[in-house]
Amino acid sequence: LRTPSSCTMLSLDSSRLTGSLPRELARLTRLTSMSMTGNQLTGTVPTELGALTDLTALYFGTNNLTGTLPTELIALTRLTWMGFHSNRISGTVMSEL
């Protein structure tokens, strides 16, 4: 994954994506919004996404993600919207989020 230095928004909704979320997404350090709803993504949410501290919106609804949300997401202090609906996420959402 090459990292465009000015990329602030990544929207890949309903793009027929399959497989797991790449850890390399964390290289997009200037992102303020990331959305990949309506795909067929599997696996867990990478802990590395906690490094994207400029994020204000994070959407991964309607996929097949599993596991719990990583505690590293607590670092996303600018986050105002987060959506993981219609997945197989388990556990409780941390109050810090």
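Residue positions are counted from 1 within each chain, in the order its sequence is given. Residue-level local features of this predicted model are given only where pLDDT is at least 70; pairs of side-chain atoms are given and counted only at 80 or more, and the full residue set underlies all totals for whole chains, interfaces and linings. Side-chain figures throughout are based on the complete set of non-hydrogen atoms in the structure, without hydrogens or water.

## Section: the overall build of the protein
In terms of regular secondary structure, the protein is built from zero helices and eight strands. Note on conventions: DSSP H or I runs of at least 4 residues are helices, E runs of at least 2 residues are strands, and numbering of each starts at the N terminus. For the protein, the N- to C-terminal ordering of α and β elements is β-β-β-β-β-β-β-β. Here the globule rule is a power law, 2.2 Å times the number of residues to the power 0.38, and the radius of gyration is based on C-alpha atoms. Over its C-alpha atoms the protein spans a radius of gyration of 12 Å, differing by no more than 12% from the 13 Å that the globule rule assigns to 97 residues. Projected onto its principal axes, the C-alpha coordinates of the protein cover approximately 35 × 30 × 20 Å. Within the protein, the proportion of its 97 residues that are buried is 35%. Note on definitions: a residue-residue contact is assigned when non-hydrogen atoms from the two residues lie within 4.5 Å. Taking as baseline every contact in the protein between residues at least 6 positions apart, the subset at least 24 positions apart corresponds to 47%. Only protein chains enter the accessibility calculation, which uses a 1.4 Å probe; a residue whose area is less than 20% of its type maximum is buried, one above 50% is exposed, and one in between is partly exposed.

## Re the pairing of strand 6 (residues 64-67)
Relative to strand 6, strand 4 (residues 40-43) runs parallel, the two being bridged by two bridges. Opposite G43, over in strand 6, you have L65 as the bridge partner. Strands are treated as partners if at least two bridges between them are detected by DSSP.

## Focus: the sheet that holds strand 7 (residues 81-83)
Reading across from one edge, 1-3-5-7 is the order of the four strands in this open sheet, with parallel pairing throughout. On the outer flanks of this sheet lie strand 1 (9-11) and strand 7, each paired with one strand and no other. With direction set aside, neighbouring strand axes in the sheet form an average angle of 10°. Relative to strand 7, strand 5 (residues 57-59) runs parallel, the two sharing three bridges. Following the sheet pairing, L58 is matched in strand 7 by M82. Fitted lines through C-alpha atoms serve as axes, helices being fitted only where they are in contact, and the angles separating the N-to-C directions of these axes extend from 0 to 180 degrees.

## Here's the deal with the nonpolar core
For the purposes of this section, nonpolar cores are sets of buried Ala, Val, Leu, Ile, Met, Phe, Trp, Tyr and Cys residues that join through side-chain atoms within 4.5 Å. M34 and F60 are the most contacted members of the largest nonpolar core, which totals 21 residues. Non-local contacts of F60, meaning those with residues more than four positions away in its chain, are made with L21, M34, M36, T37, L41, L49, L65, G83, F84 and N87.

## Focus: the sheet that holds strand 4
One open sheet accounts for four strands, arranged 2-4-6-8; its pairing is parallel. Either end of the sheet is taken by a strand with one partner, and the two such strands are strand 2 (18-20) and strand 8 (88-89). Judged from the two bridges that link them, strand 6 and strand 8 form a sheet pairing that is parallel. Opposite G67, over in strand 8, you have I89 as the bridge partner.

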